[in-house]
Amino acid sequence: MFWRDSLKIGVERIDEQHEMLFSKVHELAIDLIHTGEYKREKIISTILFLKEYAVIHFADEEAYQISINDKNYKQHKQLHENFIATVLKHEAIMAASDFAQKDVSKFAGTLLAWLTYHVSDVDQKIGKIAEDAEGTDSHADIICGCFCDVIGVEIDNKGAIAKIKEHDETFDNSIKIKHSFTHVVEGTVIFDFSISFVRELLNKLFYSIIGISPNEAEIDDFEKSLLLQIATTIIENIYRRLHVDEYEFSDAEVFIAEADEAKPNERIAFDTGIGIVEVGFTIT
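Quick caveat: nothing in here was measured; it's all calculated off a predicted structure.

Participant: Which parts of the structure should I look at to understand the environment of Ala269?
Facilitator: Within the secondary structure, Ala269 is located in strand 5 (residues 266–271). Overall, Ala269 belongs to the buried group, its relative accessible area being 10%. Between the alpha carbons of Ala269 and Gly280 there is a distance of 8.6 Å; along the sequence they are 11 residues apart.

Participant: So what exactly am I meant to see when it comes to the packing of aromatic side chains here?
Facilitator: Aromatic rings considered in pairs are described by the distance between their centres and by the relative angle of their planes. Taken as a whole, this structure holds 7 aromatic pairs when the rule is applied. When the ring of Phe58 is compared with that of Phe83, the centres are 5.8 Å apart and the planes differ by 75°; the resulting orientation is edge-to-face. With Phe58 in helix 2 (residues 40–67) and Phe83 in helix 3 (residues 73–96), this residue pair connects regions lying 25 residues apart in the sequence. A single burial state applies to Phe58 and to Phe83, both of which are buried. Between Phe191 and Phe193 the ring centres are 6.3 Å apart and the planes differ by 15°, which places this aromatic pair in the stacked class. Exposure class is identical for Phe191 and Phe193. Each is buried.

Participant: Would you mind showing me how to read the pattern of salt bridges here?
Facilitator: Pairs may arise between side chains of opposite charge once their charged atoms sit close together. On inspection of all chains with the given rule, the structure shows 6 salt bridges. Taking the shortest distance from any N to any O, the salt bridge between Arg13 and Asp60 comes out at 2.4 Å. Taken as a pair, Arg13 in helix 1 (residues 12–35) and Asp60 in helix 2 lie far apart in primary sequence, 47 residues in all. Owing to a relative accessible area of 48%, Arg13 belongs among the partly exposed residues under this scheme. Put simply, Glu62 and Lys77 hold a salt bridge, and the shortest N to O gap is 3.4 Å. Taken as a pair, Glu62 in helix 2 and Lys77 in helix 3 lie far apart in primary sequence, 15 residues in all.

Participant: Explain unusual backbone geometry here, please?
Facilitator: The phi torsion of most residues other than glycine is negative, and most of the peptide bonds are trans. Even without being glycine, Asn69 reaches a positive phi, approximately 55°. Considering the arrangement of structural elements, one finds Asn69 in the loop between helix 2 and helix 3. Judged by its relative accessible area of 54%, Asn69 falls in the exposed class. Residue Asp98 is not a glycine yet carries a positive backbone phi of 55°. Residue placement: Asp98 occurs in the loop between helix 3 and helix 4 (101–122).

Participant: For this particular structure, what's the right way to read the confidence of the model for the protein chain?
Facilitator: One rule of thumb: low pLDDT means the predicted coordinates there are not for detailed reading. Overall, the prediction assigns the protein chain a mean pLDDT of 76, with 76% of residues at 70 or greater. Throughout residues 130–134 the model reports pLDDT below 50, and contacts reaching past four residues in sequence, or to other chains, amount to 3 contacts.

Participant: What is the right way to look at the pairing of strand 2 (residues 174–181) in this model?
Facilitator: It is a general feature of regular strands that their side chains alternate between the two faces of the sheet. Counting buried positions along strand 2 gives 7 out of 8 residues, so the element sits mostly inside the fold. When strand 2 meets strand 3 (residues 187–194), the two strands line up antiparallel, connected through 8 bridges. Each residue of the ladder has a partner; that of His179, found in strand 3, is Val189. One ladder, built from 2 bridges, connects strand 2 with strand 4 (residues 255–256); its direction is antiparallel. In the strand pairing of strand 4, Lys178 is matched with Phe255.

Participant: Teacher, can you tell me more about the nonpolar core here?
Facilitator: General note: in soluble globular proteins, nonpolar side chains tend to be found buried as a group. Within the largest apolar cluster, 68 residues are counted, with the highest numbers of intra-cluster contacts made by Phe147, Phe191, Phe193 and Ile230. No other element matches the 10 residues that helix 4 contributes to this core.

Participant: Is there a simple way to explain the environment of His179 in this structure?
Facilitator: With respect to the helices, strands and loops of the structure, His179 is situated in strand 2. Measuring from C-alpha to C-alpha, the distance between His179 and Ala257 comes to 9.1 Å, with 78 residues separating the pair along the chain.

Participant: Can you help me understand helix 7 (residues 221–241) in this one?
Facilitator: In an α-helix, one full turn covers 3.6 residues, which means residues spaced three or four apart are oriented alike. For helix 7, spanning 21 residues, the distance from its first C-alpha to its last is 30 Å, which sits close to the expected 30 Å at 1.5 Å a residue. With 16 of its 21 residues buried, helix 7 lies for the most part within the structure.

Participant: Any chance you could explain the sheet that holds strand 1 (residues 163–164) here in plain terms?
Facilitator: Strand order in the open sheet formed by 6 strands is 1-5-6-3-2-4, with antiparallel pairing between adjacent strands. What marks the edges here is a single partner per strand, and that holds for strand 1 and strand 4. Pairing analysis gives 6 bridges linking strand 5 to strand 6 (residues 276–283), with the strands arranged antiparallel. Bridge pairing in strand 6 links Ile268 to Val279. Lying over the sheet, helix 5 (residues 139–151) contacts strand 1, strand 2, strand 3, strand 5 and strand 6, oriented at roughly 140° with respect to strand 6.

Criteria and thresholds
- Residues numbered from 1 in each chain as written.
- Predicted model: local features only at pLDDT ≥ 70, side-chain atom pairs only at ≥ 80, totals over all residues.
- Heavy atoms only, no water.
- Helix = DSSP H or I, 4+ residues; strand = E, 2+ residues; numbered from the N terminus.
- Buried < 20%, exposed > 50% of the residue type's maximum accessible area, 1.4 Å probe, protein only.
- Phe/Tyr/Trp six-rings, centres within 6.5 Å; stacked < 30°, edge-to-face > 60°.
- Salt bridge = Lys/Arg side-chain N within 4 Å of Asp/Glu carboxyl O.
- pLDDT = per-residue confidence, 0-100.
- Contact = heavy atoms within 4.5 Å.
- Pairing = 2+ DSSP bridges.
- Core = buried A, V, L, I, M, F, W, Y, C linked by side-chain atoms within 4.5 Å.
- Expected span 1.5 Å × (residues − 1).
- Axes fitted to C-alpha atoms, helices over the stretch in contact; angles between N-to-C directions.

Quick look at the structure:
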């Protein structure tokens, strides 16, 4: 079962709404991953459900935050607005293509990744004061630290990234995800994921929880959408670490980069325990 009691925040109404959403998205993900099939009517009903959910659940969650004077309210509200924009964006894309499987797969992957991170991470912090960094970290440490936080990788006991100088994994066949910063700092960051790392990461974060075996073929549209949402979550965390309280939805947009785009000025490689990752960045 996708939903688990460890995800509860202790507010009965909000927990019930979360469980209902997990059930709906889980059902859609199972159809796409396990059978590769879906019905147009189910997609439409899922979108309608999400719209109603956004209005009711987000309002309840934000009202609760206000009632307890939650210091993270503004940032949390921004994430809700981003989610609504995401759903509307995918709805328009799917309608334009008459719900082509490629677009439906992207929609389902985005939903699953957003839901997992928002409920298992962001919502768990409701009512808790976020620990703030002292502001002495370099941009490289902030970027890599946020990456490790999101994928659940432990860094060394002094809070530094365990970097490695050389590694044997080839990155000829990899997924490169790129983002351009538009606030506080200017430049780009590229996450370079080997295919073996992607497989281990998706199994750790999603497939093992859902309880199904992924398709072992090449990375598909559903999985690329999962990766893009993971990267978007990392970027949002970086903006918060850089004390950017407000940013437009498009500012956190990330995309799959072509090989010739991946030429950053500096690269850092580190062992995540499930594979080697390279993070490249050009900050001006």
